[in-house]
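Secondary and tertiary structure notes
Here's the letter readout for the chains.
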Amino acid sequence: MKTVDTGRKKSARISGWQWVALSIAVFVLVLSGCDKQEEAAASPKGVLRIAIGNKTTFDYMYADYFAAKFPELDVQIIPTEGTYGPGKKPLQELTKLIDEEKPDLLFTSSFDYEKLASQGKLYNLSGLIEKDRFDLNNLLPAAVDYLRIKGQGNIYGLAPKFTNSVLFYNKELFDRNHIPYPKERMTWEDLFRLAGRFPAEGGKGERVYGFHMGYMSSPQDLADYIGQAEGLGMMDAEGKKLQMQTDSWKRIYQLVVEGYRSGVLQWKYSPGKTRYDKEDVEAEDLFSAGRTAMTISNEGQLNALRQRGATFEWAMVETPSADPGHTRNPNFYLSPIYSINAQADNVMNAWKVVKYFNGAEAARIEAKTSNDLPVRKAFAQEMDGHSMEPFYPGKYEETAQSSYNENVPSTFIDQYRSVAKQQVDAMLNGEVTVEQGLQRIQEQGQQALDAAYAAEVK
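Notes on the structure follow. All residue numbers refer to positions counted from 1 along the written sequence of the respective chain. Only residues with pLDDT of at least 70 get local features here, since the model is predicted, and only at 80 or more are side-chain atom pairs given and counted; chain-wide, interface and lining totals rely on the full set of residues. Hydrogen atoms and water are omitted, and side-chain values are computed over all heavy atoms in the structure.

1. Thoughts on helix α8 (residues 141–150)
Side chains that are three or four residues apart share a direction in an α-helix, a result of its 3.6 residues per turn. Turning to α8, its buried residues number three or more, namely Ala-142, Ala-143, Val-144, Tyr-146, Leu-147 and Lys-150. Note on contacts: a residue pair qualifies if any of its non-hydrogen atoms lie within 4.5 Å across the two residues. Under the DSSP-based scheme used, a helix requires at least four consecutive residues in state H or I and a strand at least two consecutive residues in state E, with every element numbered from the N terminus. The elements touched by buried residues of α8 are α6 (110–118), β4 (157–158), β10 (333–334) and β11 (337–340). Where α8 terminates, the next one or two residues include Gln-152, which has phi positive at roughly 55 degrees. Each residue is placed in one exposure class: buried if its accessible area under a 1.4 Å probe, protein chains only, is under 20% of its type's maximum, exposed if it is over 50%, and partly exposed if it falls in between.

2. What to know about the sheet that holds strand β8 (residues 292–298)
At least two bridges found by DSSP between two strands is the condition for calling them paired. In spatial order, the strands read β7-β8-β6-β9; together these 4 strands make up an open sheet with mixed pairing. Here the strands that pair on one side only, and so sit at the sheet edges, are β7 (209–211) and β9 (314–317). On average, each strand axis in the sheet is inclined to that of its neighbour by 30 degrees, with strand direction left out of account. Of the strand pairs in this sheet, β7 and β8 are connected by 2 bridges, and their pairing is parallel. Bridged to Phe-211 within β8 is Met-294. The strands touched by helix α14 (residues 300–307) are β6 (165–170), β8 and β9; relative to β8, the strand with the most contacts, the crossing angle is about 130 degrees. Axis definition: a line fitted to C-alpha atoms, over the contacting stretch in the case of helices. Angles run 0 to 180 degrees between N-to-C directions.

3. Re the nonpolar core
Here, nonpolar core refers to any group of buried Ala, Val, Leu, Ile, Met, Phe, Trp, Tyr and Cys residues whose side-chain atoms link them within 4.5 Å. Formed by 68 residues in total, the largest nonpolar core has its most connected members in Phe-66, Leu-158, Leu-334, Phe-357 and Phe-391. Considering each element in turn, this core owes the most residues, 7 residues, to helix α15 (residues 347–357). With residues near it in sequence (within four places) discarded, Phe-357 still touches Tyr-62, Tyr-65, Phe-66, Phe-70, Pro-160, Tyr-338 and Ala-362. Among the nonpolar cores identified, the runner-up in size contains 55 residues, and Leu-222, Tyr-225, Ile-296 and Met-427 belong to it.

4. A few points about the side chain of Arg-376
With respect to the helices and strands, Arg-376 occurs in the loop between β12 (373–374) and α17 (410–428). Any pair of N or O atoms that falls within 3.5 Å is considered a polar contact. Within protein, one atom must be able to donate a hydrogen and the other to accept it, and sequence-neighbouring residues count only if both atoms are side-chain atoms. Within the local environment of Arg-376, its side chain forms a polar contact with the backbone oxygen of Asn-358, the two atoms lying 3.0 Å apart. Non-local contacts of Arg-376, meaning those with residues more than four positions away in its chain, are made with Phe-134, Asp-135, Asn-138, Leu-139, Asn-358, Gly-359, Ala-360 and Ala-363.

5. Section: the layout of surface pockets
It is a probe the size of a water molecule, rolled over the atoms, that shows where empty space is left. Considering only enclosed or pocket space, the second largest pocket measures out at about 590 Å³ in volume. Site definitions follow a grid-based scheme: protein atoms alone, a 1 Å grid, a 1.4 Å probe that fits but cannot get out for cavities, and for pockets an open set with protein on both sides within 12 Å along at least five of seven lines, plus lining residues having an atom within 4 Å of a point. Taken together, 34 residues make up the lining of the second largest pocket; nearest its centre are Tyr-65, Lys-161, Glu-366, Ser-370 and Asp-372. Those elements giving two or more residues to the lining of the second largest pocket turn out to be α3 (55–61), α4 (63–69), α16 (360–369) and β12. If one sorts the elements of the lining of the second largest pocket by residue count, α16 sits on top with 4 residues. Grid points are joined across faces, edges and corners, and a volume is the space filled by probe spheres set on the points.

Okay, structure coming up:
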């Protein structure tokens, strides 16, 4: 009290200009104090328990960032790699791990994010986003749509990067054959008609195709891909009834079967291939070798073109779709999604980490060191003179169903693929019609599904 009183007596003798100078000095000191407080707030202390694949993954991808930005955090890794494996149901295993180990921060896949959010396992970030004025407006709108749709209207995580697919085309092959370039908003029928205009020229190892997608173990895979792109599910939402004998699936199978039988699509494929050596990768990537006019691939195709030393002119457009608005793409994913456990002990520490990795500073660093697609579009880099614009959709809408269903017994998948491949081969060889083949897939597949559920009960 005495000191305060003395200060008041002295202040009575300070002149006007001295008051101004003193006010400025106090203002600077206050700002300085705020800066130090903000710096302290940006460098949280205490424990942060992170659920991620394993410590090696964390060290490789994140340790340097944490050492630089969060040096006082005591990071404890909770491995999630044990949740996957033969006979396991990953979502159930992950849910059990969250309940028992209580991680603060989760690196989730798109599927895990959606399911965990619906189970109330993830912290709703909407309030923190609003409180801290986190700039959602600078993120790709489709990414925000994606998070909200899968979060049933709320945001339970943020993701700094995404993957997507586009249609790549070889401009030189189109020019040589006097064929117009692919256009935006094509349907799958448009694509196959365009591919069919390329002549069947070239011998073994030199044949040029109109369209080719690599890493297909059979033509069945291409049919499944197109079905997913059009929002079709192979079974009902409960995973109990197959739904393959429909007009939509019939149209897709006819497209694929006719494409392979006519030679528009590459006939040779690699059944049962699980490991790809350098030679296998090159054989699967006909586009980079200049041997297919069109392919559908993700951003990894850009690196493949560089590595193969491709010299031809190429360009990109959006992928085909039966959706008039072209707002659905089965290859649009956010991964990883940074989420917080709804029961986290260290919510604010986790939130500061989520904010940083999804902020402008981290995006700026990643843009210099990575070819990933940033959700912050302002940091998207051109690739060999090509804009990344085709990868960036204006909005996102959910496909009707995913081909993956957690309820379906894992033993069913291999059985179904065996049934489907046998019937597709019969279609290709002219032994059955597409309609007959689909009827057999429906009947034999349903029998296999029922048997798989019955075996689980035992």
